[in-house]
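Here is how the chains run, residue by residue.
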Amino acid sequence: MTNIHVLKFGGTSMGDEDTWRRVLDIAARYEQLVIVVSATSRTTRQLLAAADTALDNYEESLEISSQIRSRHETLISRFLRHFDDYESTDARERCLNWIEKQVSDLNHHLKEIHEKKRINNARKDAVASIGEQLSSGLFATCGAVYGLNTTFVDARDIIKTDSDFGHANPDLQQIDEQVKKLTKQIEQHSIPVIGGYYGENDGGELTTLGFEGSDYTASLIGAALNCKAIEIWTDVSGIFTCDPRVVEDAVSIPEISFREATEMAYFGARVLHPSTLKPAAQKDIPVYVRNIFEPDHPGTKIYSKAESNGPVRALTFLEDVVIITVNAPSTLMGYHFLSNVFQTLERHHITVDIVTTTEASVSIALERPDKLELIISELEEIGEVTQTKQQGLISLIGFGLSNVESITNRVFSSIKGEPLSLISFSRDKRNLNLVLPEGDLLDTVRSIHHSLFSTEFSSEL
Ligand code: ADP
Ligand code: MG
């Protein structure tokens, strides 16, 4: 193991000149480190909107592009105005050139999109990554003015992937090889600053790792460097027992296992990208989730030996869930029927976790996919299909099996009166999933959270 820390800072941390200073003060606490940054907040969404708009309204797409430009220009001027020596004048010049370059790339793509009347996947990735290219280049330049040895590294030089645009898979072997460049820089006391979320395929085309993929970049780099710890810095002091924006009395969890944290991410906790922990877990590198606004709070430590044996670890929820039920035609044998259904879902990259099945029917609950209608029409070739939309999913993650009875009693008594649509319980994975109409979802989440975590009850578990 090396002594390197890989720190990732998300959109909020990249938001304005105040958060930039916070991030740099945090970075200054470490001896050997790599910084992975997301795009500044809202930028990725705006980039994708610009691309969509360009299809039929080129002028309006340029308008969005110029908003992105001016927001970044304002950010760096505000940051640099505190330094008025020669160095910052030079840095300002370099920052403005960098913004100019990225925006002119963007505008080139917008023009092509408008003229060809289509956005192919490769182009979509190229556009979507501009936010990280902007933030990493600017942040590295400004960090140097602040007095740190920050150096921009283009993520394409490190994160090598396949060509699955939009959710590319990393090539771990190549990444292992490429990170040696970082090691060399770190040995020379540089701090590499890398944009998260994007990489490059064998043909030199830009790819992205999927929505919120910056966490994943940090974990890939950390694992390849065999680093001491990966730290995901965000706007909350760790992983909470439930989303603190929804449940006021949620509390930060001091430690949690890789598996439990992955399940949380998978079942809706936005604080981590679901693939993030895999590379770290494989090399048993601890991952921390910490808060730039409360830098002395230890946050949450995620590591392998932290499996819960006690009460429920956390509660997550997902909105916009749909239940699809397929009924088998009487002519088809049970096992053929099931395998046909699952093959169809697999073709659409849908992993099924919540499923109830009989020989004659299968019901699955999933976050409503973009291609729902297409999937339904393919399933209709197998059997009769019904769908129930506007459902919510609540998941209880990580608990000791000896507590199951007491937990389920509490959960079911706190959802009294709510019509449950589907339930799945896994002893093995130690989770319990409830699907119910979306209407009262958040209230039900609060009430279950209260029944499980408020101090008056939790001592009984
Ligand atoms: P970043 O821009 O740093 O990547 P995100 O917005 O992706 O930040 O993630 C942080 C947010 O995740 C928090 O502000 C919080 O609202 C949300 N969140 C959802 N579930 C949880 C949870 N269980 N614990 C902590 N935060 C959560
Ligand atoms: Mg995030």
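Everything below is about the structure shown above.
Residues numbered from 1 in each chain as written. Chains lettered and ligands numbered in written order. Predicted model: local features only at pLDDT ≥ 70, side-chain atom pairs only at ≥ 80, totals over all residues. Heavy atoms only, no water.

Asker: A description of the pairing of strand β4 (residues 191-195) should follow, citing residues and the corresponding values.
Answerer: For β4, the buried fraction is high: 5 of the 5 residues fall into the buried class. Neither face of β4 is exposed, since Ile191, Val193 and Gly195 on one face and Pro192 and Ile194 on the opposite face are all buried. By the bridge criterion, 4 bridges tie strand β3 (residues 150-153) to β4 in an arrangement that is parallel. Opposite Val153, over in β4, you have Ile194 as the bridge partner. (Buried < 20%, exposed > 50% of the residue type's maximum accessible area, 1.4 Å probe, protein only. Helix = DSSP H or I, 4+ residues; strand = E, 2+ residues; numbered from the N terminus. Pairing = 2+ DSSP bridges.)

Asker: Lay out the sheet that holds strand β11 (residues 314-327) in plain terms, naming residues and giving numbers.
Answerer: Ordered in space as β12-β13-β11-β14-β16-β15, the 6 strands form an open sheet in which the pairing is antiparallel. In this open sheet, the two strands that pair with only one neighbour each are β12 (354-357) and β15 (422-426). In this sheet, neighbouring strand axes are inclined to one another by 25 degrees on average, regardless of whether the strands run parallel or antiparallel. Note that strand β14 (residues 384-397) and strand β16 (residues 431-437) share 7 bridges and pair antiparallel. Counted as the bridge partner of Gln391 is Pro437 from β16. In the packing of helix α14 (residues 404-414) onto the sheet, the strands contacted are β14, β15 and β16, and the crossing angle to β16 comes to about 10 degrees. Along the sheet face, helix α15 (residues 441-453) touches β11, β14 and β16 and points at about 125 degrees away from the line of β11. (Axes fitted to C-alpha atoms, helices over the stretch in contact; angles between N-to-C directions. Contact = heavy atoms within 4.5 Å.)

Asker: Account for the nonpolar core, naming residues and giving values.
Answerer: Of all hydrophobic cores here, the largest spans 52 residues; its most connected members are Val6, Ile221, Leu225, Ile230, Ile239, Leu272 and Ile302. Leave out the neighbours within four places in its chain, and Ile230 touches Val6, Ala218, Ser219, Gly222, Ala223, Ala280, Ile285, Pro286, Val287 and Tyr288. Residues Ala51, Ile76, Leu80 and Val103 belong to the second largest nonpolar core, which totals 42 residues. (Core = buried A, V, L, I, M, F, W, Y, C linked by side-chain atoms within 4.5 Å.)

Asker: Give a description of the packing of aromatic side chains that names residues and reports values.
Answerer: Enumeration over the complete set of coordinates arrives at 8 aromatic pairs. Taking the centre distance of 6.0 Å and the plane angle of 40 degrees together, the rings of Phe79 and Tyr146 count as tilted. With Phe79 in helix α3 (residues 58-80) and Tyr146 in helix α6 (residues 130-146), this residue pair connects regions lying 67 residues apart in the sequence. Each residue in the set Trp20, Phe79, Phe83, Phe139 and Tyr146 is aromatic and connected to the rest through ring pairs, giving one cluster. The ring centre of Trp98 lies 6.0 Å from the NZ or CZ of Lys101, which sits over that ring. (Phe/Tyr/Trp six-rings, centres within 6.5 Å; stacked < 30°, edge-to-face > 60°. Lys NZ or Arg CZ within 6 Å of the ring centre and 35° of its normal.)

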